[in-house]
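Residue-level structure breakdown
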Amino acid sequence: MLLGTTVTAIDPARHEVSLSDGSRIGYAKLLLATGSSPWRLQLPGADLDRVLYLRRIEDSDQLKAALQTASRMAIIGAGWIGLETAAAARAAGAEVTVLESAPLPLLRVLGREAAEVFADLHREHGVDLRCGVQVAEIVGRGGQAVGVRLADASRIDADAVIAGIGITPNSQLALAAGLEVDNGVRVDEHLRTSHADIYAAGDVANAFHPLLGRHIRVEHWANALHQPQVAARAMLGASTRRLDTAYAADASVDDVEWKAVS
């Protein structure tokens, strides 16, 4: 386990990775689990204090601290991050407004029928879910965010603003190494990349799903939890065709219950 270590390059022909200190490490099989980076708001006021993102443990600690003091929270984006954060904020007793440009939350990834279930679920728990709206700016005072102004000039006051507007897969190393990259690192149902000895799992992997018959990149923690099992078996030579994702055929109904997002 090499902590505080940066990989600067992958050499598939030599089966080596280069580190930032100039050293090299050889491998027989390599797994890319480089994750993703959050999209940053490109709005006036986006650099104010108490505009928060959720990606790293430090972000989680900062958000937890905000939940202990904030009575009103505005969340930009009604994807997985936005809705799970909304559930946590409501559980902490805060008033929550979720702002989403699409007609429904999670519409792109789940489709209308399931998206309506999630919309009703959050509204039933007191979330002010506003869909089909555009955020114009983050309103600040004294260097801190105090609300959000929409394109129609309406304003939502908030003690903190959380942004969950999407992610970008960290596929730079794979691209530089000559691996096939298309909305993440393209892998087969075994999570094998275009190079036979390199695999990818989690947010960075655009994986062929045998049930759907196409490639899909799932931005959900359940995907990052289950995919490594498939990759590990394949890297060890075990035969497996099952690709576990948040949308597997055997997914429990608990996945759409409130307790699952809180």
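Below or above, wherever it landed, is the structure these notes cover. Since we're looking at a predicted model, the values are computed, not measured.

**Regarding the sheet that holds strand β3 (residues 24-26)**
Taking strand neighbours across the sheet as the criterion, the three strands line up as β1-β2-β3 in an open arrangement whose pairing is antiparallel. Both outer strands of the open sheet, β1 (7-11) and β3, are each paired with one neighbouring strand and no more. Ignoring which end each strand starts from, the neighbouring axes of this sheet average 20 degrees apart.

**Things to note about the packing of aromatic side chains**
Under the criterion given, the structure shown has one aromatic pair. Considering the side-chain rings of Trp 80 and Phe 118, the 5.8 Å spacing of their centres and the 85 degrees angle between planes classify their relative orientation as edge-to-face. Of the two residues, Trp 80 is situated in helix α2 (residues 80-91) and Phe 118 in helix α4 (residues 112-124); the sequence distance between them amounts to 38 residues. Phe 118 carries the same exposure label as Trp 80, and that label is buried.

**A few points about the nonpolar core**
Judged by nonpolar contacts, the single largest core of 24 residues is most densely connected at Met 73, Val 96 and Val 98. The leading source of residues in this core is α2, at four residues.

**A few points about the environment of Ala 177**
Inspection of the secondary structure assignment puts Ala 177 in the loop between α5 (172-176) and β15 (185-187). Distance in space between the C-alpha atoms of Ala 177 and Pro 12 is 6.9 Å, their sequence separation being 165 residues.

**Thoughts on the pattern of salt bridges**
Applying the stated criterion across every chain, the model contains 13 salt bridges. As a salt-bridge pair, Asp 159 and Arg 72 come within 3.8 Å of each other at their nearest N and O atoms. Here the residue Asp 159 occupies a position in the loop between β12 (155-157) and β13 (160-163), and Arg 72 occupies one in strand β7 (residues 72-76), the gap between them amounting to 87 residues. Salt bridges sharing common partners tie together Glu 180, Asp 182 and Arg 186.

**What about the environment of Leu 179?**
By the element assignment, Leu 179 lies in the loop between α5 and β15. We classify Leu 179 as buried; its relative accessible area is 7%. As for Leu 179 and Gly 35, which are separated by 144 residues in sequence, their C-alpha atoms are 16 Å apart.

Basis of the calculations
- Residues numbered from 1 in each chain as written.
- Predicted model: local features only at pLDDT ≥ 70, side-chain atom pairs only at ≥ 80, totals over all residues.
- Heavy atoms only, no water.
- Pairing = 2+ DSSP bridges.
- Helix = DSSP H or I, 4+ residues; strand = E, 2+ residues; numbered from the N terminus.
- Axes fitted to C-alpha atoms, helices over the stretch in contact; angles between N-to-C directions.
- Phe/Tyr/Trp six-rings, centres within 6.5 Å; stacked < 30°, edge-to-face > 60°.
- Buried < 20%, exposed > 50% of the residue type's maximum accessible area, 1.4 Å probe, protein only.
- Core = buried A, V, L, I, M, F, W, Y, C linked by side-chain atoms within 4.5 Å.
- Salt bridge = Lys/Arg side-chain N within 4 Å of Asp/Glu carboxyl O.

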